[in-house]
Structure formats: structure tokens, C-alpha cells
Amino acid sequence: MGVGFVSGRGLHGVVGLTLLPFFLQFLGLGLGGVLGQGLCGSALGVSEVEAVRYGLVSEYYLYGQLFLALLALKVTYALVLLSLRFMYPEKDPPFAPLVWRVGVGLSGVFLALFLLTRTLPLPFATPLGPALLSPAPLDPLSLLMVLPEPALLWLYLRYRP
């Protein structure tokens, strides 16, 4: 067994914690009344054109789409990590530090965006010009989705290449 970032023992924990917020978001579809809609909110399953046409757009719709894109990037990153594990089972690839930095960056952006959208007024375009919204609502599912990020960052620091 290797002792690097990609070939080390911590990779399974990194992949699991990276995928967890994505799967937790699906709880918002079935348990939205109890747990809330999560970070992606009403952006799941509805295109922007349909949302505008049927009046489903809330002010936080675009921020939900941003979190949805970020979750998709995190899932892609986790799948790349698993692929690299199969390609380099004994030792890390020469570009392991770059792969590590991308993971730290994704996790850091996810955590920072959560903190910013839940604490600061959010800019939003209206027909009358730019406006500031109140911070996005904080629901239990959003907290559950962001809870793994500090542990994930700790794993990144522990298994730094």
C-alpha cells in the first residue's frame, strides 16, 4: 500500500466526504418540508426558462444553481480521484500536488460560499437595477451538507503530497 495522497489510505475518506454533500442534497427532494431544501434549493430539476415561465424563481435560485454546479464539480473530482487510484496504485502520480490543490480549492470555495451566502447580503439583479437580498435561509439540510467540509480539509492537510 502506498503512502501518498492518491495511493494512500486516506483517499477513501476524501472521496466519501467529497461525495456526501451531493447525496445529502437529494434529501431535500423528499424531506424538504422537514429538513429544508438544502444548498441548491429550488434549482434542482427545473431549468431557468421553466422557472421564469411558471413563476418558480425565487431570489435565491441563481445561488442554488451555483451550489449545484459546485456539487457537480466535487463529484467529478471524486471520480477523478478514484480513477487515479486505479491508474497509480503504488505511488502518487507526478501531478499529485496539483490534484491535491484542486481538492483543497473546491472544498474551500464550497465552505466560503456557504458562509458568505448565509451571513452577508446577496447581490441580485432586478428590473429596476441591482439590489441586495437578505442572506440565504439557513436550514438543517444546508448545515448537514456543509458539516463534512472541515473534516475533509483536515484529511487534505493530513495526506498532503
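Everything that follows concerns the structure shown earlier in this document.
Residues numbered from 1 in each chain as written. Predicted model: local features only at pLDDT ≥ 70, side-chain atom pairs only at ≥ 80, totals over all residues. Heavy atoms only, no water.

Things to note about the side chain of threonine 117
No. 1: By secondary structure assignment, the location of threonine 117 is in helix 6 (residues 96–119).
No. 2: Threonine 117 sits in the buried class, given a relative accessible area of 2%.
No. 3: Polar contacts involving the side chain of threonine 117 include one to the side chain of arginine 118, which spans 2.8 Å. (Helix = DSSP H or I, 4+ residues; strand = E, 2+ residues; numbered from the N terminus. Buried < 20%, exposed > 50% of the residue type's maximum accessible area, 1.4 Å probe, protein only. Polar contact = N/O pair within 3.5 Å; in protein donor to acceptor, adjacent residues only side chain to side chain.)

Concerning the packing of aromatic side chains
No. 1: For the structure on display, the rule yields five aromatic pairs.
No. 2: Taking 5.2 Å as the distance between ring centres and 90° as the angle between the ring planes, the aromatic pair formed by phenylalanine 22 and phenylalanine 26 counts as edge-to-face.
No. 3: What makes phenylalanine 22 partly exposed here is its relative accessible area of 25%.
No. 4: Phenylalanine 26 gets classed as partly exposed once you look at its relative accessible area, which sits at 41%.
No. 5: Relative to phenylalanine 95, the ring of tyrosine 88 has its centre 6.1 Å away and its plane inclined at 85°; by these criteria the two rings are edge-to-face.
No. 6: The partly exposed category is assigned to phenylalanine 95, whose relative accessible area is 34%.
No. 7: Following the ring pairs from residue to residue traces out a cluster consisting of Phe22, Phe23 and Phe26.
No. 8: Stacked on the ring of phenylalanine 110, the Lys or Arg lysine 74 has its end atom at 5.1 Å from the ring centre. (Phe/Tyr/Trp six-rings, centres within 6.5 Å; stacked < 30°, edge-to-face > 60°. Lys NZ or Arg CZ within 6 Å of the ring centre and 35° of its normal.)

Quick look at the environment of proline 148
No. 1: Of note, proline 148 is situated in helix 8 (residues 148–158).
No. 2: Since its relative accessible area comes to 8%, proline 148 is described here as buried.
No. 3: Between the C-alpha atoms of proline 148 and leucine 20, which are 128 residues apart in sequence, the distance is 7.6 Å.
No. 4: Discounting chain neighbours no more than four positions away, the residues touching proline 148 are Leu17 and Leu20. (Contact = heavy atoms within 4.5 Å.)

Some remarks on helix 8
No. 1: Of the positions making up helix 8, those classed as buried are Pro148, Glu149, Leu152, Leu155 and Tyr156. For helix 8, the buried positions fall inside an angular range of 115° around the axis, keeping them on one side. Of the exposed residues in helix 8, those oriented more than 90 degrees away from the buried face are Leu157 and Arg158.
No. 2: The elements touched by buried residues of helix 8 are helix 1 (11–25), helix 5 (61–87), helix 6 and helix 7 (140–146). (Arc of directions from axis to C-beta.)

Here we look at the pairing of strand 2 (residues 129–133)
No. 1: The sheet contact formed by strand 1 (residues 122–126) and strand 2 spans five bridges and is antiparallel. Among the inter-strand pairings, phenylalanine 124 is bridged to a residue of strand 2, identified as alanine 131.
No. 2: Counted between consecutive antiparallel strands, the loop separating strand 1 from strand 2 contains two residues. (Pairing = 2+ DSSP bridges.)

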